[in-house]
Amino acid sequence: QVQLVESGGGLVQAGGSLRLSCAASGRTFGYAMGWFRQAPGKEREFVAAISWSGGNTYYADSVKGRFTISRDNAKNAVYLQMNSLKPEDTAVYYCATDRDSQVSSILTEYAYWGQGTQVTVSS
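All of these numbers come straight from a predicted model, not from anything done at the bench.

> Hey, could you run me through the sheet that holds strand S3 (residues 18–25) in this one?
Strand-to-strand pairing in sheets goes through backbone hydrogen bonds, with the strands running parallel or antiparallel. One open sheet holds the four strands; their spatial order is S1-S3-S8-S7, and the pairing between them is antiparallel. Each edge of the open sheet is held by one strand with a lone partner, namely strand S1 (3–7) and strand S7 (67–72). For this sheet the average axis-to-axis angle between neighbouring strands, irrespective of direction, equals 15°. Judged from the five bridges that link them, S1 and S3 form a sheet pairing that is antiparallel. In the strand pairing of S3, Ser-7 is matched with Ser-21.

Here you go:
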């Protein structure tokens, strides 16, 4: 069983930055990882994904050029660097483990989820 714990969320001004971390325990070997977010009253949406090797990344259009996903397999960790934050980025951010090694934006492709960390961007 895989357990994921997100951290690094908080309150930041528009234009500011945050770095989210996802610490994993259990088996993540060979799996792509992703970040999703969910704002109040909205469906959970894809943010970014990274392949097992880290060589392939995929971003939602809404965050492309502002967010960077990375991973450190030796530490069993995934990160999301969030720059130029906007109020519409406000959401609970979730880390998730894909079912295979390839990146995906499809929620149902992910098997394990963290508890989420709140990101609030003030205007």
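Additional details are given in the paragraphs that follow.
> Even after reading the chapter, I still don't get the side chain of Asp-98, so can you show me in this structure?
By the secondary structure assignment, Asp-98 is in strand S9 (residues 91–98). Setting aside residues up to four positions removed in sequence, Asp-98 forms contacts with Tyr-31, Ala-32, Val-103, Ser-104, Glu-109 and Tyr-110.

> Looking at this structure, how should I read the nonpolar core?
If you look at soluble globular proteins, the nonpolar side chains tend to sit buried side by side. Trp-35, Val-47, Phe-67, Ile-69, Leu-80, Met-82 and Tyr-93 are the most contacted members of the largest nonpolar core, which totals 32 residues. Taken together, the elements giving at least two residues each to this core come down to S3, strand S4 (33–38), strand S5 (45–50), S7, strand S8 (77–82), S9 and strand S11 (117–122). Per-element tally for this core: the top contributor is S5, with five residues. Residues within four places of Ile-69 in sequence aside, it is in contact with Met-33, Trp-35, Ala-48, Ala-49, Ile-50, Thr-57, Tyr-59, Val-78, Tyr-79 and Leu-80.

Definitions and cut-offs
- Residues numbered from 1 in each chain as written.
- Predicted model: local features only at pLDDT ≥ 70, side-chain atom pairs only at ≥ 80, totals over all residues.
- Heavy atoms only, no water.
- Pairing = 2+ DSSP bridges.
- Helix = DSSP H or I, 4+ residues; strand = E, 2+ residues; numbered from the N terminus.
- Axes fitted to C-alpha atoms, helices over the stretch in contact; angles between N-to-C directions.
- Contact = heavy atoms within 4.5 Å.
- Core = buried A, V, L, I, M, F, W, Y, C linked by side-chain atoms within 4.5 Å.
- Buried < 20%, exposed > 50% of the residue type's maximum accessible area, 1.4 Å probe, protein only.

By themselves, these observations are geometric and do not establish any function.
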